[in-house]
Amino acid sequence: MAWEHFEHAADVGVRGRGDTLAHAFEEAARALFSLLSDLTAIRPSVEERVACEAENLDELLVAFLNELLFLFDARREVFGRFDVRIEKTSGRFRLEATAQGEPFDPSRHEFTVLPKGATFTALEVGKRDGEWIAQCVVDV
Amino acid sequence: MSNERAESSAAGFREVEPNVWEIEATGAMRVPGRIFASRELVDALDEKVREQVSNVAALPGIVGASLAMPDAHWGYGFPIGGVAAFDPDRGGIVSAGGVGFDISCGVRTFTTGMKAADLGERLETVAHDLYRTVPAGVGWGGSVKLTVPELDEVLAGGAVWAVEKGWGEAEDLERIEEGGRMAGAEPSWVSRRAKERQLHEVGSLGSGNHYLELQVVERIFDAPAAGAFRVAEGDLLVTIHCGSRGLGHQIGTEYLQKFVSVASRYGIALPDRELACAPIRSPEGEEYLGAMRAGINCALANRQVIGALVRKVFARHFPSVKLRLLYDVSHNTCKAEEHEVGGSKRLLFVHRKGATRAFGPGHPDVPLEYRDVGQPVLIGGTMGTASYVLAGTSRSESRAFSSSCHGAGRKMSRTQAKTMWEGKPLIRELAGKGIIVKSHTAKGAAEEAPGAYKDVDEVARVAEEAGLSRRVARVLPIACVKG
């Protein structure tokens, strides 16, 4: 399991990799929040629940990351740990997750840039070389 | 010469006249693509820009051509620096991706009546006070805390709301596009979640390429226009670059997702999901327009409040100095405007995504005091390079629906920039050049390194030579607050 950023002309690509689809989503979320803090500096003192659904897995990833961005903007919380469950019911994909983190503290969390929204650009969810990847470009 | 031609046509463009390059309409394209650029800028273009200009040309109801400004680069669906006009009576569409996430992001500049040299040793103190006073980065607005019903007033009233609440002066409104208030805004079509993202953010800069700058006028190109704009060599200017913050981002996010399914319902084939759109004359299209216009008002109010905070800082240090708003432009919008097409006036919905409206002399929407010289067009550079004040031209009307560029435009990705520069050494290097940078994030500053952007002087020169606008003043940063 791992996350990384990939190149885009003006913005930032976030990519999660994992042995399962859910793990890849969790890592993509960590790639997103690494823009807002060093992940090791985020203490798990609050827990938020997130739920969303979509017709396909890649739109589910965009919806998931945007749910987390909403929590950051509306509550000013940053998260470093995620537990994602994804299931398919009657033709739609549904995601439920918990996100653990804490209120943003400028003395301990050094951000790089504030994300505005997850986009459909370079959006991909699938298996590559035997592992799951979940990625898209985030407008910053 | 023949090699250069071959290279440029390999990028898919053909030079039809100096600084104008065309992509022939083929396949699904309804109109040609056209980019305003020098050979140097075309050669440096991302392949994605050509693809995105062509994709936009395939959208229903597009008029004339799918355009890209000299600072164009790879965006979402539409290129950044993209301009496209759609006719509502011929199936024209409105696209959330054609406006962008940061609705009505824009630039406003104040003249101060001071010479930059008058700041003397107080430059550092004033820069520090601006850094402390204007919320930026992750910091919440703080200066304005609102409830949802109060925010609805912001979304309906824009900068007019801000002035009514004591932020700034009534005369500012004459020098803001739309008189400071975008008509047709529908706050009720903005989701509760979008509003929740904004409750603490009115009056905050944000981050990334947004900034607040003290600048010195280095050179005047056009004396009559400079006279009308009241700028002269050596003058101290203050410029703000920011947008509609969390509210605009959430509107963009929601409608982008919503329009994907809407487009297929209206039988619109999307070459790229980011082009998700709805007919202008459809319930969904009208709903987005109402919400997006509320987003424009949010940005206008935001810049008005920040401007008032800047005035407070100046009042503390220079009580007799009066900051006069030169102008306020928005460069991520879709606006209904009358344009002349094939000899007749038509109402078109012009998307400008990373492009500035640039009405020429005589246009009724240009404030009276500027009407003889054209609308001010404010172009942001980087924290280490020039910015420009330009003026709209009559020629831009037939070329680009009265549009011009919006900034330098990135040429290097953020990930790449981070490998080339480090925040603190970069800030020290700029200090050595006489530019004070106050950043809420050193890591973020590295990604905004001047070298990561295109040559703004080239962009402004080409904007002038291509007839999109003409250069009035070149200004240099002396202090920059970054979010």
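The structure presented is a predicted model; accordingly, all values stated were derived computationally and were not measured.

Undergrad: How should I be thinking about the sheet that holds strand β5 (residues 92-103) of chain A in this particular structure?
TA: Sheet strands pair by backbone hydrogen bonding; their relative direction is either parallel or antiparallel. Residue and element names in this part refer to chain A. In space, the 3 strands of this open sheet follow the order β3-β5-β4, with antiparallel pairing throughout. Across the chains shown, the open sheet's two edge strands, defined by having one partner strand only, are β3 (46-54) and β4 (77-89). Recorded for the sheet is a direction-independent mean angle of 20 degrees between the axes of neighbouring strands. Sheet analysis places β4 next to β5, joined by 12 bridges and oriented antiparallel. Each residue of the ladder has a partner; that of R85, found in β5, is E96. Together, β3, β4 and β5 form the strand contacts of helix α2 (residues 57-75), whose direction differs from that of β3 by roughly 145 degrees.

Undergrad: I tried to follow the packing of helix α4 (residues 122-133) of chain B against helix α9 (residues 283-317) of chain B on my own but got confused; where do I start?
TA: A packed helix pair is summarised by two numbers, namely the angle formed by the two axes and the spacing between the axes. Residue and element names in this part refer to chain B. Direction vectors running N to C along α4 and α9 enclose 145 degrees, while the axes themselves pass 10 Å from each other. Read as a crossing pair, α4 and α9 show a hand that is right-handed. Seen from α4, the contacting residues are R122, T125, V126, D129, L130 and T133; seen from α9, they are L309, V310, K312, V313, R316 and H317. Looking at side-chain class alone, the contact of α4 with α9 contains 5 nonpolar, 3 polar and 4 charged residues.

Undergrad: Would you mind going over the interface of chain B and chain A with me for this structure?
TA: Each partner contributes residues to the interface: chain B has 32 residues there, and chain A has 25 residues. When residues of the side of chain B that touches chain A are traced back to their parent elements, those giving at least two are β4 (62-76), α6 (192-196), α8 (245-265), α11 (414-420) and α13 (442-447) of chain B. Element by element, the count of residues in the side of chain B that touches chain A is highest for α8(B), at 5 residues. Taken together, the residues of the side of chain B that touches chain A break down into 6 nonpolar, 15 polar and 11 charged.

Undergrad: Explain the sheet that holds strand β12 (residues 332-341) of chain B here, please?
TA: Residue and element names in this part refer to chain B. Taken in spatial order, the 7 strands of this open sheet run β1-β2-β3-β4-β5-β13-β12, and their pairing is mixed. In this open sheet, the two strands that pair with only one neighbour each are β1 (14-17) and β12. Mean inter-strand twist for the sheet, computed between neighbouring axes without regard to direction, equals 30 degrees.

So, how was this worked out
Counting from 1, residues in each chain are numbered in the order their sequence is written. All chains are assigned letters beginning with A, and all ligands numbers beginning with 1, in the order in which they are written. Per-residue local features of the predicted model are confined to residues with pLDDT of at least 70, and side-chain atom pairs are confined, for both listing and counting, to 80 or more; whole-chain, interface and lining totals are unaffected and use all residues. For two strands to be treated as a pair, DSSP must find no fewer than two bridges joining them. Only DSSP runs of H or I covering at least 4 residues are called helices, and only runs of E covering at least 2 are called strands; the numbering of each starts at the N terminus. The convention used is that axes are lines fitted to C-alpha atoms, helices contributing only their stretch in contact, and that angles between N-to-C directions extend from 0 to 180 degrees. By definition, residue pairs are in contact when their C-beta atoms, positioned from the backbone, come within 7 Å. In a left-handed crossing the near helix is turned counterclockwise from the far helix by less than a right angle, and in a right-handed crossing that turn is clockwise. Think of it as three bins: nonpolar holds Ala, Val, Leu, Ile, Met, Phe, Trp, Tyr, Cys and Pro, charged holds Asp, Glu, Lys and Arg, and polar takes everything else, Gly as well.

These figures capture arrangement, not role.
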